[in-house]
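Chain and residue survey
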Amino acid sequence: MFDFIRKHTKVTMALLFLLIVPSFILFGLDGYNRSKEQGVVVAKVDGKDITQAEWDRAHQLEVERLRVSMPTLDAKLLDSPAARYATLERLVRERVVAAAADKFKLSTSDQRLASELQQSPEIASLRRPDGSLDMERYRQLLGSQGMSPEMFEANVRTDLSNRQVLAGIGASGFSSSSSADLALNAFFEKREIQVARFNAADFAAKLSPNDADLEQFYKANEKLFQAPEQASIDYVVLNLEGVKKTLSINEADLKTYYEQNAQRLSGAQERRASHILIAAPKTAPAAEREKAKAKAQELLASVKKSPDSFADLARKNSQDSGSAANGGDLDFFARGAMVKPFEDAAFAMKKGDISDIVESEFGYHIIKLTDIKAPKQRSFEEMKPELEADLKKQQAQKKFSETAEAFTNGVYEQSDSLKPVADRLKLEIQTASKVTRQPAADATGVLANPKFLNALFSPDAIEKKRNTEAIEIAPGQLVSGRITQYAPAHTQPFAEVKEAVRQRWLAQRGAEEARKDGMTRLVAWKAAPASAVLPAPVLVSRQETQKLPSPVVDAALRADVSALPVFVGVDLGTQGYALVKVGKVVPRDVPAEAIAKQERSQYAQWWTAAENLAYYNGLKARFKAEILSAKPVAGQVNAEESVTR
């Protein structure tokens with residue numbers, strides 16, 4: 001074999017060239033590195049990996065869902081480390097539950113699946129007046145979400161099977177009245193307490209550190225006085241509004257668009273109808289609903305026999321109090337104003353038609369269509385500004401999609417500079433200095449986006465000064481940046497932070513002195529309760545804290561009151577120390593029966609939730625669920641903020 005390679009060197013090299021080089025042309029060395037990063041395992045469930053790519057994809061879907069449901073939600077919250085970690089925890093939970101459903105062989109019958117689909121409001125809106133499903137619209141709805149009916153129904157079936165894993169615990173959870181009352185009475189009881197405060201600030205005011213004290217503290221706590229890493233950056237932004245400004249619409253295109261869309265843009269058709277309602281809510285017993293339906297069928301027969309009697313029959317029999325007095329008249333309405341399938345039936349009728357029985361969530365309707373109002377078609381000149389804005393928006397979206405691809409490829413393929421992509425797409429290269437990994441308090445826009453800053457301070461961007469990938473920071477907005485100058489985090493000279501060192505020294509030593517004095521008093525007062533010097537007593541509970549610090553209230557309510565009075569000490573950290581004397585336990589006021597019943601119900605829900613969580617934690621252990629990515633620290637601040645506080 002080696003003889004062949006030695007004798008046919010050129011052939012071997014050619015083969016290697018054909019095999020290896022194209023892959024580097026297609027993906028690049030950087031592509032290999034990035035794909036490896038996407039394959040990083042961030043969690044494991046039942047021996048199966050969850051990769052960084054899966055986490056990113058799940059978080060992106062979650063962000064889009066939240067943006068649609070809550071458009072005003074702050075984008076910073078969606079891309080925070082805590083939000084991303086919550087998505088990972090949810091992903092792990094879904095995998096654990098799926099593994100349990102598979103292990104326990106839980107399944108969903110066709111009847112259960114059909115029942116679930118029938119309850120979906122989205123699918124209900126696709127039903128025709130006769131109750132049958134419009135399959136074409138059903139396929140279109142699912143196709144817009146990238147699914148076929150078979151895929152969607154399989155997903156729903158899987159979800160229903162997974163729900164069974166925890167449903168048993170949730171449905172069977174309960175607590176007895178006696179156990180609930182015992183816990184609730186203890187939770188809501190009040191205690192009469194006296195509190196002595198030893199404030200750190202009072203002790204700090206008596207201290208006077210010298211330079212040697214401060215330098216010693218500085219050397220022992222250098223991490224507290226670090227300046228954060230900073231960078232000067234270039235960045236370019238591609239957004240929909242910017243693309244829109246580059247477009248100009250000619251008159252001919254506007255007129256063509258007017259001819260094609262004038263009717264749609266002029267306004268919606270309105271219809272006027274009268275109805276007779278025999279009320280039968282969906283929650284009513286089956287026998288009651290059948291009785292209501294039979295009554296509606298009798299009235300329908302009368303109306304069909306004598307159409308002109310519709311108004312009289314409505315006044316005498318309709319159970320819609322808002323329209324019955326007017327002969328059932330509902331006045332004019334457009335699509336979206338009425339519930340389905342009432343609306344679909346009304347818009348499928350011709351003027352003068354009387355419908356068959358139409359069932360809605362309110363009961364059974366007989367509908368008579370009395371008039372149709374077509375919108376007045378406006379002239380081209382009247383609609384010109386509206387047409388131009390509408391057409392420009394459509395063209396901008398199309399052009400943005402095309403430009404976004406060029407932008408994404410451009411910043412990646414020529415990763416050593418933003419100028420080529422900026423020149424090609426006529427974008428402005430913007431600059432910023434003193435940019436930090438954490439968004440500054442006054443930062444806005446791109447510089448306040450955690451996702452962009454994380455990419456900007458990635459090892460690849462710092463060490464090789466490469467462009468970041470194109471990052472979507474909002475719908476219709478992409479950004480890429482690169483570091484031009486970088487200063488790593490460093491300990492600031494003592495002379496520059498001397499005052500900050502002094503303040504920290506005083507805070508720490510003041511708290512230590514307060515704690516020391518408080519603990520000495522605690523020992524003395526426990527030995528001789530009569531010697532305690534305390535302010536007037538106050539009555540506290542979890543609802544009435546008397547504006548005391550929560551650790552003080554918590555310590556007072558947790559204290560062992562088997563022998564009163566009792567003294568407890570409370571370490572308040574940098575605030576100092578507190579001594580609490582509990583002198584009396586006051587039982588809660590007996591609640592009204594209705595309130596007591598509501599509280600027991602709430603307690604049962606808490607108990608069930610606790611059992612549910614305990615069962616899920618058991619499943620996590622059973623299926624060896626493990627999150628490998630570090631959990632973000634709550635309330636974490638950067639070094640610069642810690643110095644200035």
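Residues numbered from 1 in each chain as written. Predicted model: local features only at pLDDT ≥ 70, side-chain atom pairs only at ≥ 80, totals over all residues. Heavy atoms only, no water.

Describing the side chain of Glu-62
Inclusion rule: Only DSSP runs of H or I with at least four residues qualify as helices, and only runs of E with at least two residues qualify as strands; both kinds are numbered from the N terminus onward. Each residue's exposure class comes from its accessible area (1.4 Å probe, protein chains only) as a fraction of the maximum for that residue type: buried when under 20%, exposed when over 50%, partly exposed otherwise. Whether two residues are in contact is decided by their heavy atoms, any of which lying within 4.5 Å being enough.
By the secondary structure assignment, Glu-62 is in helix H3 (residues 52-69). Judged by its relative accessible area of 17%, Glu-62 is buried. With residues near it in sequence (within four places) discarded, Glu-62 still touches Thr-87 and Arg-90.

Side note on the sheet that holds strand S17 (residues 626-627)
Heads up, the condition is: Two strands are said to pair when DSSP picks up at least two bridges between them.
Spatially, the 3 strands line up as an open sheet ordered S2-S1-S17, and their pairing is antiparallel. Bordering the open sheet on either side are strand S2 (48-51) and S17, each of which pairs with just one other strand. Two elements, strand S1 (residues 41-45) and S17, share 2 bridges in a ladder whose sense is antiparallel. Across the sheet, the residue bridging to Ala-43 is Ile-627, located in S17.

Topic: the pairing of strand S3 (residues 190-199)
Here S3 lies mainly inside the structure; 7 of its 10 residues are buried. Taken together, the 3 bridges between S3 and strand S14 (residues 538-540) define a ladder with antiparallel strand orientation. Of the residues in S14, the one forming a bridge with Ile-193 is Val-538.

Describing the pairing of strand S15 (residues 566-571)
With 6 bridges joining them, S15 and strand S16 (residues 576-586) adopt antiparallel strand pairing. Its bridge partner being in S16, Phe-567 is matched across the sheet by Lys-581. Count of turn residues in the S15/S16 antiparallel hairpin: 4 residues, of which Gly-573 carries a positive phi of about 65°.

A short note on the sheet that holds S15
Condition: Think of each axis as a best-fit line through the C-alpha atoms, taken over the contacting stretch in the case of a helix, with angles from 0 to 180 degrees between the N-to-C directions.
An order of S14-S3-S16-S15 is seen for the 4 strands of this open sheet, with the pairing classed as antiparallel. Strands with a single pairing partner mark the edges of an open sheet, and in this sheet they are S14 and S15. Each neighbouring strand pair of the sheet contributes to a mean axis angle of 40°, computed without reference to strand direction. Where S3 meets S16, 10 bridges bridge the pair, whose relative direction is antiparallel. Residue Glu-192 lies in a different strand from S16, and its bridge partner there is Lys-584.

Let's talk about the confidence of the model for the chain
The line we're drawing: Scored between 0 and 100, pLDDT is the confidence that the predictor attaches to each residue.
When pLDDT is averaged across the chain, the result is 85; 90% of the residues are at 70 or more. Counting contacts from residues 1-38, a segment whose pLDDT is below 50, to residues more than four positions away or on other chains yields 21 contacts. Predicted confidence is poor over residues 634-645, with pLDDT under 50, and the contacts of this stretch with residues over four places away or in other chains come to 14 contacts.

Examining the pattern of salt bridges
To keep things clear, this is the line we draw: Think of a salt bridge as a Lys or Arg side-chain nitrogen and an Asp or Glu carboxyl oxygen that are within 4 Å of each other.
Applying the stated criterion across every chain yields a total of 34 salt bridges. The salt bridge partner of Glu-251 is Lys-384, with a shortest N-O separation of 3.1 Å. Here Lys-384 lies in helix H18 (residues 380-413) and Glu-251 lies in helix H14 (residues 251-266), a separation of 133 residues in the sequence. Take Lys-384: its relative accessible area is 24%, and that puts it in the partly exposed class. One salt bridge connects Asp-344 with Lys-340, and the closest N-O pair in it is separated by 3.1 Å. One network of salt bridges, in which partners are shared, links Glu-62, Arg-65, Arg-90 and Glu-94.

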